Amino acid sequence: MAKYYCRKYFYPEKYDRYKCEQNELRVCPRECCSSSWCSHKLYLDNEQFAVLDSFRVVKAQNLEILKQNKQIIEKLALQQLQKLK
(Lines give C-alpha, C1' and ligand atoms only; values in the text may rest on other atoms or scores of the structure.)
Protein backbone atom coordinates (compact mmCIF):
# COMPACT_ATOMS: atom_id res chain seq x y z
CA MET A 1 0.00 0.00 0.00
CA ALA A 2 1.42 3.34 -1.01
CA LYS A 3 1.77 6.25 1.42
CA TYR A 4 2.79 9.86 1.22
CA TYR A 5 6.34 10.66 2.27
CA CYS A 6 8.19 13.93 2.54
CA ARG A 7 10.97 14.72 0.05
CA LYS A 8 12.90 16.35 2.89
CA TYR A 9 13.48 12.91 4.39
CA PHE A 10 15.20 11.63 1.25
CA TYR A 11 16.86 14.86 0.05
CA PRO A 12 17.66 16.97 3.13
CA GLU A 13 20.52 18.77 1.37
CA LYS A 14 18.12 20.03 -1.29
CA TYR A 15 15.10 20.89 0.84
CA ASP A 16 16.69 21.95 4.12
CA ARG A 17 15.53 25.54 3.76
CA TYR A 18 11.87 24.49 3.56
CA LYS A 19 9.97 24.10 6.77
CA CYS A 20 6.97 21.86 7.11
CA GLU A 21 5.21 22.43 10.40
CA GLN A 22 3.16 19.28 9.95
CA ASN A 23 6.21 17.04 9.64
CA GLU A 24 8.15 18.74 12.42
CA LEU A 25 5.38 17.81 14.83
CA ARG A 26 5.45 14.12 13.92
CA VAL A 27 7.55 11.49 15.63
CA CYS A 28 8.44 9.94 12.28
CA PRO A 29 9.43 12.77 9.90
CA ARG A 30 9.46 10.63 6.79
CA GLU A 31 5.68 10.16 6.61
CA CYS A 32 3.74 13.17 5.44
CA CYS A 33 0.65 13.82 7.51
CA SER A 34 -0.37 17.00 5.77
CA SER A 35 -3.80 16.55 4.26
CA SER A 36 -3.45 19.69 2.17
CA TRP A 37 -1.63 19.98 -1.12
CA CYS A 38 2.14 20.02 -0.66
CA SER A 39 4.81 20.10 -3.35
CA HIS A 40 7.15 18.04 -1.14
CA LYS A 41 4.90 14.98 -1.00
CA LEU A 42 5.99 11.74 -2.62
CA TYR A 43 3.49 8.95 -3.11
CA LEU A 44 5.50 5.74 -2.78
CA ASP A 45 4.74 2.08 -2.36
CA ASN A 46 6.85 -0.07 -0.01
CA GLU A 47 9.38 -1.10 -2.66
CA GLN A 48 9.93 2.46 -3.88
CA PHE A 49 10.33 3.64 -0.31
CA ALA A 50 12.89 0.91 0.41
CA VAL A 51 14.97 1.87 -2.64
CA LEU A 52 14.96 5.59 -1.82
CA ASP A 53 15.69 4.91 1.84
CA SER A 54 18.66 2.72 0.86
CA PHE A 55 19.99 5.49 -1.36
CA ARG A 56 19.58 7.95 1.51
CA VAL A 57 21.60 5.72 3.84
CA VAL A 58 24.35 5.16 1.26
CA LYS A 59 24.50 8.88 0.55
CA ALA A 60 24.99 9.61 4.26
CA GLN A 61 27.71 6.94 4.51
CA ASN A 62 29.50 8.34 1.47
CA LEU A 63 29.42 11.82 2.96
CA GLU A 64 31.03 10.51 6.15
CA ILE A 65 33.73 8.71 4.14
CA LEU A 66 34.46 11.91 2.20
CA LYS A 67 34.81 13.86 5.45
CA GLN A 68 37.21 11.26 6.82
CA ASN A 69 39.25 11.27 3.61
CA LYS A 70 39.45 15.06 3.70
CA GLN A 71 40.81 14.93 7.25
CA ILE A 72 43.40 12.31 6.27
CA ILE A 73 44.52 14.33 3.24
CA GLU A 74 44.81 17.51 5.31
CA LYS A 75 46.84 15.66 7.94
CA LEU A 76 49.19 14.20 5.31
CA ALA A 77 49.60 17.57 3.63
CA LEU A 78 50.49 19.15 6.96
CA GLN A 79 53.06 16.42 7.60
CA GLN A 80 54.60 17.02 4.18
CA LEU A 81 54.83 20.75 4.83
CA GLN A 82 56.53 20.14 8.15
CA LYS A 83 59.07 17.84 6.47
CA LEU A 84 59.93 20.55 3.94
CA LYS A 85 60.74 23.11 6.67
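Before going into details, it helps to say that this report is about the structure given with it. Source: prediction; values computed, not measured. (Residues numbered from 1 in each chain as written. Predicted model: local features only at pLDDT ≥ 70, side-chain atom pairs only at ≥ 80, totals over all residues. Heavy atoms only, no water.)

**Thoughts on the nonpolar core**
Core analysis: the largest hydrophobic core is formed by seven residues, namely Y5, Y9, F10, L42, L44, F49 and L52. Of all the elements in the fold, those that place two or more residues in this core are α1 (7-10), β2 (41-44) and α4 (46-84). Sequence-distant contacts of L42, that is, excluding residues within four places in its chain, are made with K3, Y4, Y5, R7, F10 and L52. (Core = buried A, V, L, I, M, F, W, Y, C linked by side-chain atoms within 4.5 Å. Buried < 20%, exposed > 50% of the residue type's maximum accessible area, 1.4 Å probe, protein only. Helix = DSSP H or I, 4+ residues; strand = E, 2+ residues; numbered from the N terminus. Contact = heavy atoms within 4.5 Å.)

**Focus: α4**
Structurally, the α-helix is built with 3.6 residues per turn, so residues lying three or four positions apart point the same way. Helix length check: α4, at 39 residues, gives a terminal C-alpha distance of 57 Å against a target of 57 Å (1.5 Å per residue), a fit within 8%. Within α4, the full set of buried residues consists of F49, L52 and D53. As for α4, its buried residues are in contact with β1 (3-6), α1 and β2. For α4, the capping residue at the N-terminal end is D45, with a side-chain oxygen 3.2 Å from the backbone nitrogen of E47. (Expected span 1.5 Å × (residues − 1). Polar contact = N/O pair within 3.5 Å; in protein donor to acceptor, adjacent residues only side chain to side chain.)

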